[in-house]
Amino acid sequence: MSVFSYLTDLRCSRCDTRYPADVVQGVCSCGSPLLAQYDLTRLAAESSRAAFGMRAASLWRYHELLPVSREENIVSLGEGMTPLLALPRLGERLGVPALMMKDEGTIPTGSFKARGAAVGVSKAAELGVRGIAMPTNGNAGAAWALYAARAGLRALIAMPEKAPAICRGEVAAAGAELYLVRGHIGDCGRIINAAVARREGYQEVSTLKEPYRLEGKKTMGLEIVEQLGWTMPDVIVYPTGGGVGIIGIYKALGELVELGWMTGPLPRLVAVQASGCAPIVSAFQAGARESSPWPDPHTAAFGINVPKALGDFLILEAIYRTNGCALAVTDAELLAAQREIASTEGTLICPEGAATVAAIRILRERGEISDGELVVALNTGAGIKYPETLEATAPLLEPDGQIPGPAKVNSR
Ligand SMILES: *Cc1c(COP(=O)(O)O)cnc(C)c1O
Ligand SMILES: [Zn+2]
């Protein structure tokens, strides 16, 4: 019988200590994230990448490289295999004709947090966890609360009072136990951590404090190269908060190379942040291996409002090792980009995703993206989850009013 998952154990990302994967694990005793390890030698001998292509269009087509050990333990809402869209009109404007967008706006729960939640919740349930607990800026809480409901697990969620109202509503609708905190995500984290210590059967699933959310998010990297006919793009541009996506994509592509199923070089990985919260950018500019906490973080792109990421050293490693970079864009730039993408390409994306397009414009102007390079922008969520960023002004007509003619043909 074939093996469903080639997971072997967990390895500390900082000190290399190994941990068994058949019981619930958090972080290493040194405080750093644990990374799932797979028997890639055996997988390479027993299968090939062509096997993936014959399966259903969901992230579970990569089950050998995911941690869930039995198919019947999968908790799914149909996540994954989101479109990789060509953006020819916008690409023309930016001088990047081969511009593409991996569009996570179509995924269950409206953001790519669904990938981490699907895999994280599935594995937690498989290991006998009865409730998950997390601090969140919004989208992760919504995704984990909904997947927990799907799995029949309890969910305990704390989010800043100022987090988007829609995420609060999603968590409440999912029947989770929700607390609002007069503070930021770090304060929520302390409150959750203390609560979990007093509750039996609950696991804390904060960003990178359990190993499997990363495995779910790494499937974006697998999908991008499969959708490109098993070739690497030149550049992948990612809106970075806690960095799970960029670390995951780097891990996934590394695993494919190690399997001998792809050859390098890896794409240059670019971390985009908002200028109101750019700890990774400032570390990159200093050539540092870790970031310092960003004071007074703020941006309309709420999902990347993370002042200090636990995995900052892993984000920076992914950037340095792939010859990538980190850069910040202003809220004005990213909100303008959000409108530009909608009006040129018809995709209404989230402000975080729009930040990547603003960044691509800057990189092209600086010559850091060359002629003809294939650039993939990662849109991490649906624009309709951010109604407050979508102002509309329109003339108000009386019931017997008239629209001034003659019709103007929209020229671009
Ligand atoms: C969480 C989030 C991000 C940042 O993801 P990380 O993996 O934490 O870097 C980006 N965009 C959206 C919409 C998010 O919800
Ligand atoms: Zn360690």
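Residues numbered from 1 in each chain as written. Chains lettered and ligands numbered in written order. Predicted model: local features only at pLDDT ≥ 70, side-chain atom pairs only at ≥ 80, totals over all residues. Heavy atoms only, no water.

Colleague: Can you help me understand the packing of helix α9 (residues 244-259) against helix α11 (residues 312-321) in this one?
Modeller: Any two packed helices are characterised by how steeply their axes cross, that is the angle between the axes, and by the distance between the axes. The interhelical angle for the contact between α9 and α11, taken along N-to-C directions, is 50°, at an axis separation of 9 Å. Taken as axis vectors, α9 and α11 run oblique relative to one another. Relative to α11, the crossing made by α9 is left-handed. Contacts from Ile246, Ile247 and Tyr250 in α9 reach Leu314, Ile315, Glu317, Ala318, Ile319 and Arg321 in α11. (Axes fitted to C-alpha atoms, helices over the stretch in contact; angles between N-to-C directions. Helix = DSSP H or I, 4+ residues; strand = E, 2+ residues; numbered from the N terminus. Parallel < 35°, antiparallel > 145°, perpendicular 65-115°, else oblique. Left-handed = near helix turned anticlockwise from the far one by under 90°. Contact = heavy atoms within 4.5 Å.)

Colleague: Where do I start with the site of ligand 1 in this structure?
Modeller: Ligand 1 sits among 18 residues. The nearest are Lys113, Tyr238, Gly241, Gly243 and Thr380. Glycine 242 places a polar main-chain atom, nitrogen or oxygen, 2.9 Å from an oxygen atom of ligand 1. Coverage of ligand 1 by the protein amounts to 97% of the 380 Å² it exposes when considered alone. With respect to the pocket detection grid, ligand 1 is positioned in the largest pocket. Elements represented by at least two residues in the shell around ligand 1 include exactly β10 (235-239) and α9. Tallied by class, the residues present in the shell around ligand 1 amount to 7 nonpolar, 8 polar and 3 charged. (Near = heavy atom within 4 Å. Polar contact = N/O pair within 3.5 Å; in protein donor to acceptor, adjacent residues only side chain to side chain. Areas by Shrake-Rupley, 256 points an atom, 1.4 Å probe, with all protein chains shown as cover. 1 Å grid on protein atoms, 1.4 Å probe; cavity = no way out; pocket = protein on both sides within 12 Å on 5 of 7 lines; lining within 4 Å. Sits in = over half its atoms within 2 Å of the grid points. Nonpolar A, V, L, I, M, F, W, Y, C, P; charged D, E, K, R; others polar.)

Colleague: Where do I start with the pattern of salt bridges in this structure?
Modeller: Two side chains with opposite charge may pair up if their charged atoms get near one another. Applying the stated criterion across every chain, the model contains 27 salt bridges. Between glutamate 290 and arginine 14 there is a salt bridge, and its shortest N-O distance comes to 2.9 Å. Of this pair, glutamate 290 sits in the loop between α10 (279-285) and α11 while arginine 14 sits in the loop between β1 (7-12) and β2 (18-20), and the two are 276 residues apart along the sequence. (Salt bridge = Lys/Arg side-chain N within 4 Å of Asp/Glu carboxyl O.)

Colleague: Hey, could you run me through the coordination of the zinc ion (ligand 2) in this one?
Modeller: Protein coordination at the zinc ion (ligand 2) comes from Cys12 (SG), Cys15 (SG), Cys28 (SG) and Cys30 (SG), with a distance range of 2.3 Å. Seen from the zinc ion (ligand 2), its 4 donor atoms lie at angles of 105 to 123°, and the figure they make is tetrahedral. Given the relative accessible area of 3%, cysteine 28 is considered buried. (Donors = N, O, S within 2.8 Å, 3.2 Å for Na, K, Ca; no water. Tetrahedral: all angles 85-135°; square planar, octahedral: opposite > 155°, others 65-115°. Buried < 20%, exposed > 50% of the residue type's maximum accessible area, 1.4 Å probe, protein only.)

Colleague: Any chance you could explain the sheet that holds strand β7 (residues 154-160) here in plain terms?
Modeller: The 4 strands are arranged β8-β7-β6-β9 in an open sheet whose pairing can be described as parallel. Strands with a single pairing partner mark the edges of an open sheet, and in this sheet they are β8 (177-181) and β9 (202-204). Direction aside, the axes of adjacent strands within the sheet are offset by 15° on average. For strand β6 (residues 131-135) and β9, the ladder comprises 3 bridges, and the chain directions are parallel. Paired with glycine 131 across the two strands is tyrosine 202, which belongs to β9. Sitting on the sheet, helix α6 (residues 165-173) touches β7 and β8, and the angle it makes with β7 is about 165°. (Pairing = 2+ DSSP bridges.)

Colleague: Could you clarify how one ought to interpret the pairing of strand β5 (residues 99-103) in this entry?
Modeller: Two faces make up the sheet, and in a regular strand the side chains alternate between them. In terms of burial, β5 is a largely internal element, 5 of the 5 residues being buried. Going residue by residue along β5, you find Leu99, Met101 and Asp103 tucked away on one face and Met100 and Lys102 tucked away on the opposite face as well. Strand direction decides the pairing type here: strand β4 (residues 84-86) and β5, joined by 3 bridges, are antiparallel. When the bridges of β5 are listed, leucine 85 appears paired with methionine 101.

Colleague: Please clarify how the pairing of strand β3 (residues 34-38) should be interpreted in this entry.
Modeller: Counting buried positions along β3 gives 5 out of 5 residues, so the element sits mostly inside the fold. Alternating positions in β3 separate into two faces, Leu34, Ala36 and Tyr38 on one and Leu35 and Gln37 on the other, with burial throughout. Across 5 bridges, β1 lies against β3 in antiparallel orientation. The partner of leucine 10 across the bridge, within β3, is alanine 36.

Colleague: Whenever I open this one, the sheet that holds β10 confuses me. Can you help?
Modeller: Strand pairs in the sheet, formed through backbone hydrogen bonds, run parallel or antiparallel to each other. Strand order in this open sheet of 6 strands is β4-β5-β13-β10-β11-β12, and the pairing throughout is mixed. Only two strands of the sheet have a single partner each, and these edge strands are β4 and β12 (325-329). Each strand of the sheet is rotated relative to its neighbour by a mean of 25°, with strand direction disregarded. Pairing analysis gives 5 bridges linking β5 to strand β13 (residues 375-379), with the strands arranged parallel. When the sheet's bridge partners are listed, leucine 99 is paired in β13 with valine 375. The sheet contacts of helix α8 (residues 213-227) involve β4, β5, β10 and β13, and relative to β5 the element is tilted by about 135°.

Colleague: What is the right way to look at the nonpolar core in this model?
Modeller: When a protein is soluble and globular, its nonpolar side chains tend to lie buried together. Core analysis: the biggest nonpolar cluster contains 93 residues, and Ile132, Trp144, Ile246 and Leu256 have the highest contact counts within it. Sort the elements by how many residues they give to this core and α9 lands first, with 9 residues. Discounting chain neighbours no more than four positions away, the residues touching tryptophan 144 are Gly116, Ala117, Gly120, Val121, Ile132, Met134, Val205, Glu210 and Arg213. Ranked by size, the runner-up nonpolar core spans 31 residues in total, among them Val235, Val270, Cys325 and Val357. (Core = buried A, V, L, I, M, F, W, Y, C linked by side-chain atoms within 4.5 Å.)

Colleague: Sorry if this is basic, but what is going on with unusual backbone geometry here?
Modeller: Most peptide bonds are trans, and most residues other than glycine sit at a negative phi. With an omega of -5°, the peptide bond running from glycine 264 to proline 265 counts as cis. Tracing the sequence through the fold places proline 265 in the loop between α9 and β11 (268-274). Between glycine 405 and the following residue, proline 406, the backbone shows a cis peptide bond with an omega angle of -10°. Secondary-structure assignment places proline 406 in the segment after β13. Positioned with a positive phi, aspartate 296 is a non-glycine residue whose angle comes to about 50°. Mapped onto the elements of the fold, aspartate 296 is located in the loop between α10 and α11.

Colleague: Can you walk me through empty space enclosed by the protein in this structure?
Modeller: Empty space among the atoms becomes apparent when a probe as large as a water molecule is rolled across them. If you walk through the whole model with that rule in mind, you get 1 cavity of 30 Å³ or more. Quantified by volume, the largest cavity comes out at close to 40 Å³. Around the largest cavity, the lining residues are Val24, Gln25, Lys123, Ala124, Leu127, Val129, Gln203, Glu210 and Tyr212. In terms of residue class, the lining of the largest cavity is made up of 5 nonpolar, 2 polar and 2 charged. (Points joined across faces, edges and corners; volume = space filled by probe spheres on them.)

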